[in-house]
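Examining the three-dimensional arrangement
Here is how the chains run, residue by residue.
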Amino acid sequence: MPIVTQIFVKVNNGSKVESIRIRPNHTMKEVKSVLCSAAEISEKGTPDCDAVLKLYSFKNSLIPIGPNIPKNTAQEPYSLFIKMVPKASSAETPIETKRLMDTIKATTSVLGEVPTLKREVLEIEKKIKSVPASLAKSGTATAAAAPSASASAAPSSYIPPQNSTRKPNADPTLHLAMLRASNYDKETVDKIMATPRPTFSSAVTEHLKHPTFNIWDYNEIELIGLMENMFEEMDLIKTFGMDKNVVRNFLARVSVTYNENPFHNFKHCFCVTQMMYGILNVTGTIAKLTPLEKLALICGTIGHDLDHPGMNNAYQINANTDLTIIYNDISPLENHHAAVLFTLFRDPKLNILGTLPEAQYRECRKQIINCILATDMAKHGEILAKFKSYSTDFNFEDQAQRQLLLQMIIKCSDISNEVRPKHVSEPWVDNLLEEFFCQSDKEKKDGLPTAPFMDREKVTKPSAQVGFIGFVMIPLFELVSKVLPNMDEPIIQPIKKAHEYYKSMLETKPAA
């Protein structure tokens, strides 16, 4: 069952606070419909007008309307403003004009009221005016129906908030990643920061360096403490002069910026980060990497799925979501994860890279982004083919080869659950299938293409695992083992054992 987010909303500055429940598999249209119901209006507006909705946080920040609206409290409700905009004339509108007006509406919805948007809207309106005179009447009618940046804003008393986390001279455009990073569960973060850092025995910190580490033994605050331990053990805090409070605050914010999906959640973030740490330690690679490379790896693993919506890239592209518009269908999720991570880094209280000199920061940023983008499975074959060409005579002195090795390590870590003992890994299989099935159900409902491996009517746990382990995991890890030593016993053999386990489940499954 998908996680339900409860939000509290006031409509048009009224006194009544409405309680609304939203699931992550809701469409934007469904969320808008629920908000319209709370406002006691039809989502279709009136016969003559369309309903334009704007949602603001308690601190007057614009919030994108969709399934990932952050939860809030009844004491700090969101403000929902409804504006009725006259509909366009029923006369046929030229395709070019429709496209331009759709651009205005989409841009306004995504970016909110910012100076950059106003300039873009003015430019688009100039293009509309350039439509031939024979089309002027229908073009004008359509243009009149589109809300401008100022017309769709909150009441005149509203003043757009100043983002104090931006660096000087930063681009003021309000990107989706910035919106997500600025809307977070402050109560949980404050609770984490107020809780004394947990202490761990030497047995636990040593076990942390091994792939068999059992995540299910620890709560979220303890997982953050274990991540802090990784920073210290990798000597990153001392080397880069990091403030320990900044590191802890950053990790606390990361924990609430991951959504509560069945699979792509903060615990998955921890698992990937810990497996990276385990691989570096059991293979001795931790001694071969520079401090900057280790920093890039831990930041890349921590941020690799930030704000994951629980729907993969195929869904994003087929559903034509905001992310695919922003990133032109090119690794939309991975680009978003990286953008959210670096938006967090804009806040000095969270910026663990803030002590790096400019040249080191630029290099580290490049490596982090490359690592996160490498987790897009659409690039899997391309990356493996390139690494294979290096693997027979890998040169640790070659920077391009070292960078590719970092990408391979994060790729291994991202899909590494079957390296762990069965009692640790198997719950993750169930979680992933649940997330897949929710997506496939929604795709069927919306008439979108579906993938057989995500269809609850076509796939079972054993069939899913046998194919994935045999055709993806084993070839990937065996290729990396040609460069990194000591991978067979602690890493590859457990994967092969898991493969045999799921194959045996297939063979013993009774006939239908």
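As the structure is a prediction and not an experimental result, all values here were calculated from the model. (Residues numbered from 1 in each chain as written. Predicted model: local features only at pLDDT ≥ 70, side-chain atom pairs only at ≥ 80, totals over all residues. Heavy atoms only, no water.)

**A closer look at the overall build of the protein**
When you go through the protein residue by residue, the secondary structure sums to 21 helices and 5 strands. Every one of the 512 residues in the protein was classed for burial, and the buried ones make up 52%. Summarising the internal contacts of the protein: among those between residues at least 6 apart in sequence, 73% fall at separations of at least 24. Of the roughly 24000 Å² of accessible surface on the protein, a fraction of 54% belongs to carbon and sulfur atoms. (Helix = DSSP H or I, 4+ residues; strand = E, 2+ residues; numbered from the N terminus. Buried < 20%, exposed > 50% of the residue type's maximum accessible area, 1.4 Å probe, protein only. Contact = heavy atoms within 4.5 Å. Areas by Shrake-Rupley, 256 points an atom, 1.4 Å probe, with all protein chains shown as cover.)

**Side note on the packing of aromatic side chains**
All chains considered together, the criterion is met by 13 aromatic pairs. Connected via pairs of aromatic rings, a cluster forms that spans Phe 200, Phe 213, Tyr 218 and Phe 270. Between Arg 253 and the ring centre of Tyr 184, over which it is positioned, the NZ or CZ distance is 3.6 Å. (Phe/Tyr/Trp six-rings, centres within 6.5 Å; stacked < 30°, edge-to-face > 60°. Lys NZ or Arg CZ within 6 Å of the ring centre and 35° of its normal.)

**Topic: the nonpolar core**
By size, the foremost hydrophobic cluster in this structure holds 106 residues, and its most contacted members are Phe 231, Leu 295, Ile 298, Ile 352, Leu 353 and Phe 477. Examining the composition of this core, we find that 10 residues originate from one element, helix α11 (residues 266–282), more than from any other. Once residues lying within four places of it in the same chain are set aside, the contact partners of Leu 353 are Leu 295, Cys 299, Phe 342, Phe 345, Tyr 361, Cys 364 and Ile 368. Formed by 19 residues, the second largest nonpolar core is a distinct cluster that contains Val 11, Ile 22, Leu 35 and Leu 53. (Core = buried A, V, L, I, M, F, W, Y, C linked by side-chain atoms within 4.5 Å.)

**Notes on unusual backbone geometry**
In this structure, Asp 235 takes a positive phi of about 65° despite not being glycine. With phi around 40°, Ser 331 is a residue other than glycine that occupies positive phi space. By secondary structure assignment, the location of Ser 331 is in the loop between α14 (322–327) and α15 (332–344). Under the relative-accessibility criterion, Ser 331 is labelled buried at 5%.

**Things to note about the pattern of salt bridges**
Opposite charge on two side chains lets them pair, provided their charged atoms get close. Applying the stated criterion across every chain yields a total of 24 salt bridges. As a salt-bridge pair, Lys 186 and Asp 190 come within 2.8 Å of each other at their nearest N and O atoms. Separated by 4 residues within a single helix, Lys 186 and Asp 190 lie in helix α6 (residues 186–194), roughly one turn from each other. Its relative accessible area of 42% is what places Lys 186 among the partly exposed residues. Residue classification places Asp 190 among the partly exposed residues on the basis of a relative accessible area of 37%. Note that Lys 442 is salt-bridged to Asp 446, the shortest N-O span being 3.1 Å. Separated by 4 residues within a single helix, Lys 442 and Asp 446 lie in helix α19 (residues 422–446), roughly one turn from each other. On the basis of relative accessibility, which here comes to 6%, the residue Lys 442 falls in the buried class. The network of salt bridges with shared partners includes Arg 197, Glu 228, Glu 232, Lys 244 and Arg 248. (Salt bridge = Lys/Arg side-chain N within 4 Å of Asp/Glu carboxyl O.)

**Re the side chain of Ser 57**
Inspection of the secondary structure puts Ser 57 in the loop between β3 (49–56) and β4 (62–63). By relative accessible area, which is 8% here, Ser 57 ends up buried.

**A word on the packing of helix α10 (residues 244–257) against α15**
Two numbers describe how α10 lies on α15: the axes approach to 11 Å, and their chain directions differ by 145°. Seen from above, α10 lies across α15 with right-handed handedness. For the pair formed by α10 and α15, the contact residues are Phe 250, Arg 253, Val 254 and Thr 257 on the first element and Val 340, Leu 341 and Leu 344 on the second. Split into classes, the residues belonging to the contact of α10 with α15 amount to 5 nonpolar, 1 polar and 1 charged. (Axes fitted to C-alpha atoms, helices over the stretch in contact; angles between N-to-C directions. Left-handed = near helix turned anticlockwise from the far one by under 90°. Nonpolar A, V, L, I, M, F, W, Y, C, P; charged D, E, K, R; others polar.)

**With respect to the environment of Met 275**
Position of Met 275 relative to the elements: it lies in helix α11. Separated by 62 residues in the primary sequence, Met 275 and Phe 213 have C-alpha atoms spaced 8.6 Å apart.

**Points about the packing of helix α8 (residues 220–233) against α11**
At a minimum axis distance of 11 Å, the contact between α8 and α11 shows a crossing angle of 25°. Relative to α11, α8 is oriented roughly parallel. Along this stretch, α8 crosses α11, giving a crossing that reads as left-handed. Where α8 approaches α11, its residues Glu 220, Leu 223, Ile 224, Leu 226, Met 227, Asn 229, Met 230 and Glu 233 are matched on the opposing element by Phe 266, Lys 267, Cys 269, Phe 270, Thr 273, Gln 274 and Tyr 277. (Parallel < 35°, antiparallel > 145°, perpendicular 65-115°, else oblique.)

**Quick word on the side chain of Glu 443**
For Glu 443, the location among the structural elements is in helix α19. Summary of buried charges: Glu 443 has no salt-bridge partner, and the nearest side chain of opposite charge, Lys 444, is 8.5 Å away. (Lys, Arg positive; Asp, Glu negative; His and termini not counted.)

**Re the confidence of the model for the protein**
Of the residues in the protein, 81% have a pLDDT of 70 or more, and the chain-wide mean is 84. Per-residue pLDDT stays below 50 along residues 110–115; that stretch engages in 21 contacts with residues further than four places along the chain or on separate chains. Segment residues 131–172 is flagged for pLDDT under 50; beyond a separation of four residues in sequence, or across chains, it makes 61 contacts in the model. (pLDDT = per-residue confidence, 0-100.)

**Quick word on the pairing of strand β2 (residues 17–22)**
Every regular strand shows the same layout, with side chains that alternate between the two sheet faces. Judged by which residues are buried, β2 turns out to be one-sided: Glu 18, Ile 20 and Ile 22 face inward and are buried, whereas Val 17, Ser 19 and Arg 21, on the alternate face, are not. Relative to β2, strand β1 (residues 5–11) runs antiparallel, the two being bridged by 6 bridges. What sits directly across from Ile 7, in β2, is Ile 20. (Pairing = 2+ DSSP bridges.)

**Things to note about α10**
Between the first and last C-alpha of α10 there are 20 Å, a value that for 14 residues agrees with the 20 Å anticipated at 1.5 Å per step. Buried within α10 we find Val 246, Val 247, Arg 248, Asn 249, Phe 250, Leu 251, Ala 252, Arg 253, Val 254, Ser 255, Val 256 and Thr 257. Between a side-chain oxygen at the N-terminus of α10 and the backbone nitrogen of Asn 245 the separation is 2.8 Å; the capping residue is Asp 243. (Expected span 1.5 Å × (residues − 1). Polar contact = N/O pair within 3.5 Å; in protein donor to acceptor, adjacent residues only side chain to side chain.)

**Quick look at the environment of Ile 317**
Within the fold, Ile 317 resides in helix α13 (residues 313–318). For the pair Ile 317 and Asp 329, spaced 12 residues apart in sequence, the C-alpha separation works out to 6.0 Å. Sequence-distant contacts of Ile 317, that is, excluding residues within four places in its chain, are made with Thr 324, Asp 329 and Pro 332.

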